[in-house]
Amino acid sequence: MTETLSRLHEVLDGAVEDDRAEGIILAKREIFTDAEIFELEMKHIFEGNWVYLAHDSQIPNVGDYFTTYIGRQPIVISGT
């Protein structure tokens, strides 16, 4: 566990290159492809909190619907 946390801290500490004097602000690709970071995001963002998904204006009529993905799950939202 400690090894994993140390590695994640290392990855996240170097995740952004910020050289505003040169006009460079970059996120390193590793933060988007790292399996452990993905699992932490799923657990702490998508599975552990309320997430804004839609506004009622997006489904104004009974029978209206749209589909989207959030976290791991496909979601269908329908107007009632």
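- Looking at an unreviewed UniProt entry, one finds the chain named Benzoate/toluate 1,2-dioxygenase alpha subunit, with Kocuria marina subsp. indica as its source organism.

## Description of the pattern of salt bridges
Next, step 1: Per the counting criterion, the structure on display carries three salt bridges.
Next, step 2: The salt bridge partner of arginine 7 is glutamate 36, with a shortest N-O separation of 2.2 Å. One end of the pair, arginine 7, is in helix 1 (residues 2–13); the other, glutamate 36, is in helix 3 (residues 35–46), and 29 residues separate them in sequence.
Next, step 3: What makes glutamate 36 partly exposed here is its relative accessible area of 28%.
Next, step 4: Of the charged contacts, one joins arginine 20 and aspartate 18 as a salt bridge, the two residues approaching to 3.0 Å between their closest N and O atoms.
Next, step 5: Relative accessible area serves as the criterion here: at 44%, aspartate 18 is assigned to the partly exposed category.

## Description of the domain arrangement of the chain
Next, step 1: Domain boundaries in the chain define domain 1 (1–45) and domain 2 (51–79).
Next, step 2: On a C-alpha basis, the centroid separation for the pair domain 1 and domain 2 is 30 Å.

Procedures and definitions
Every residue gets a number counted from 1 within its own chain, in the order that chain's sequence is written. Reporting of local features is limited, given that this is a predicted model, to residues whose pLDDT is at least 70; pairs of side-chain atoms are given and counted only at 80 or more, and all residues count toward the totals for whole chains, interfaces and linings. Note: side-chain values were computed over all heavy atoms of the structure, leaving out hydrogens and water. Any carboxyl oxygen of Asp or Glu within 4 Å of a side-chain nitrogen of Lys or Arg constitutes a salt bridge here. A run of H or I in DSSP counts as a helix once it spans at least four residues, and a run of E counts as a strand once it spans at least two, with each numbered from the N terminus. Any residue under 20% of the maximum accessible area for its type is buried, any over 50% is exposed, and the rest in between are partly exposed; the area is computed with a 1.4 Å probe on protein chains only. For each domain, the first and last residues come from an automatic or database assignment.

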